[in-house]
Amino acid sequence: MSSSTVDNPFFARVWTVMARHEPESLKRLRQENLAGLSGRVLEVGAGTGTNFEFYPDTVTEVVAVEPEHRLALLAQKAAAAAPVPVTVSTDTVEGYSAAGTPFDAVVCSLVLCSVDQPDDVVRQLLSVLKAGGELRYLEHVASSGGRARLQKFADATIWPRLAGNCHTHRHTEETIVDAGFKVSGARREWTLPAWAPVPVAEFAIGRAVKPA
């Protein structure tokens, strides 16, 4: 991915519909993922701005990065109605320059599956945080057994092309730890029944801290 605006009209249409019909279970996880945040926040892959309404008033500023320009337009509308100040940037996370004051927190919601080089991106996120700052993540992750086989098949075939470069079988929490974060309070949640034959029903939610 480059630092220029992304043009993915099919995914933008699909994601817009999905965002309007998110299950309550996922909305609750979004709200939990943002609870207790304060100060300046960088949100990566903002989509249509689904998270914005859930930011607590202790947050003083959100810089939201969304490179797909159709989604960014919707995010800008959501930003206007948000309870905290939100600025939407159409840079990719790889191309975003965070010159100046480090962020107090970074938020990743359903985005680390879609970046080309997750190891590099997570190390970059570590670099823009102040010491003691948090990475809040809500990501679907690699499963085991039969679902793992389904994920690997999906990733090797049509899924990334249909779903904005989404890769379902990623060990995202291992990537976060390997980048230098210390993970705390992490758990797994199912937003769909475990028997559902889809590759993205299991989510990881957690906090990861940049060591002082």
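Peer 1: Can you walk me through the overall build of the chain in this structure?
Peer 2: Helix and strand content of the chain: seven helices and seven strands. Starting at the N terminus, the α and β elements of the chain follow one another as α-α-β-β-α-β-β-α-β-α-α-α-β-β. Rg of the C-alpha trace for the chain: 16 Å, near the compact-globule value of 17 Å for 212 residues, within the 12% margin. In terms of overall dimensions, the chain has a C-alpha envelope of 45 × 35 × 35 Å along the principal axes. Of all 212 residues assigned to the chain, the portion counted as buried reaches 51%. In the chain, of all internal contacts separated by at least 6 residues, the share reaching a separation of at least 24 is 72%. Accessible surface for the chain amounts to roughly 10000 Å². Of this, 56% is attributable to carbon and sulfur atoms. Separation of charge centres in the chain, based on 21 positive and 24 negative side chains, amounts to 3 Å.

Peer 1: Explain the packing of aromatic side chains to me, please; I cannot follow it from the model alone.
Peer 2: Between two aromatic rings, the relevant description is the distance of the centres plus the angle of the planes. This model, assessed by the stated rule, comprises one aromatic pair. In this arrangement the basic side chain of Arg40 is found over the ring face of Phe103, its NZ or CZ atom lying 4.2 Å from the centre.

Peer 1: Hey, could you run me through the environment of Asp57 in this one?
Peer 2: Summarising the element assignment, Asp57 is placed in the loop between β1 (39-44) and β2 (59-65). Put simply, Asp57 and Gly39 are 18 residues apart on the chain and 9.5 Å apart in space, counted from C-alpha to C-alpha.

Peer 1: Explain a nonpolar patch on the surface to me, please; I cannot follow it from the model alone.
Peer 2: Taken together, the side chains of Phe10, Ile158 and Leu162 present a nonpolar region at the surface, about 260 Å² in accessible area. Within the element layout of this structure, Leu162 appears in helix α6 (residues 159-162). In this structure Leu162 comes out as partly exposed when scored by relative accessible area, which is 39%.

Peer 1: For this particular structure, what's the right way to read the layout of surface pockets?
Peer 2: It is the rolling of a water-molecule-sized probe over the atoms that shows where space remains empty. Its volume calculated, the largest pocket comes out at about 950 Å³. Among the secondary structure elements, those contributing two or more residues to the lining of the largest pocket are α1 (9-20), α2 (24-34), β1 and α6. Partitioning the lining of the largest pocket into residue classes produces 26 nonpolar, 13 polar and six charged. For the second largest pocket, the calculated volume is near 150 Å³. Residue lining of the second largest pocket: Ala19, Lys27, Gly49, Thr50, Phe52, Glu53, Phe54, Ala78, Ala81 and Ala82, and that is the complete set. Among the residues forming the lining of the second largest pocket, the class breakdown is six nonpolar, two polar and two charged.

Peer 1: What am I meant to see in the nonpolar core here?
Peer 2: Side chains that are nonpolar tend, in soluble globular proteins, to be buried together. Membership of the largest hydrophobic core comes to 26 residues, with the highest contact counts inside it found for Leu42, Val44, Val106, Cys108, Leu125, Leu135 and Phe181. Ranked by residues supplied to this core, first place goes to helix α4 (residues 118-128) with five residues. Not counting residues within four places of it along the chain, the set of residues in contact with Phe181 comprises Val122, Leu125, Leu126, Leu129, Leu135, Ile176, Ala208, Val209 and Lys210. Counting 19 residues, the second largest nonpolar core, distinct from the first, contains Leu37, Val62, Ala79 and Val86.

Peer 1: Any chance you could explain the pattern of salt bridges here in plain terms?
Peer 2: Any two side chains of opposite charge can pair, so long as their charged atoms come close to each other. With the rule as written, the count across this model stands at 12 salt bridges. The shortest N-O distance in the salt bridge between Asp104 and Lys130 comes to 2.6 Å. With Asp104 in strand β4 (residues 103-109) and Lys130 in strand β5 (residues 129-140), this pair connects stretches of sequence that are 26 residues apart. What makes Asp104 partly exposed here is its relative accessible area of 22%. A relative accessible area of 39% means that Lys130 is categorised as partly exposed. One salt-bridge network, in which partners are shared between bridges, spans Glu32, Arg187 and Glu189.

Rules behind the numbers
- Residues numbered from 1 in each chain as written.
- Predicted model: local features only at pLDDT ≥ 70, side-chain atom pairs only at ≥ 80, totals over all residues.
- Heavy atoms only, no water.
- Helix = DSSP H or I, 4+ residues; strand = E, 2+ residues; numbered from the N terminus.
- Rg over C-alpha atoms; globule rule 2.2 N^0.38 Å.
- Buried < 20%, exposed > 50% of the residue type's maximum accessible area, 1.4 Å probe, protein only.
- Contact = heavy atoms within 4.5 Å.
- Areas by Shrake-Rupley, 256 points an atom, 1.4 Å probe, with all protein chains shown as cover.
- Lys, Arg positive; Asp, Glu negative; His and termini not counted.
- Charge placed at Lys NZ, Arg CZ, Asp CG, Glu CD.
- Phe/Tyr/Trp six-rings, centres within 6.5 Å; stacked < 30°, edge-to-face > 60°.
- Lys NZ or Arg CZ within 6 Å of the ring centre and 35° of its normal.
- Patch = residues over 30% accessible without salt bridge, like charges linked within 9 Å, V, L, I, M, F, W, Y side chains within 5 Å.
- Salt bridge = Lys/Arg side-chain N within 4 Å of Asp/Glu carboxyl O.
- 1 Å grid on protein atoms, 1.4 Å probe; cavity = no way out; pocket = protein on both sides within 12 Å on 5 of 7 lines; lining within 4 Å.
- Points joined across faces, edges and corners; volume = space filled by probe spheres on them.
- Nonpolar A, V, L, I, M, F, W, Y, C, P; charged D, E, K, R; others polar.
- Core = buried A, V, L, I, M, F, W, Y, C linked by side-chain atoms within 4.5 Å.

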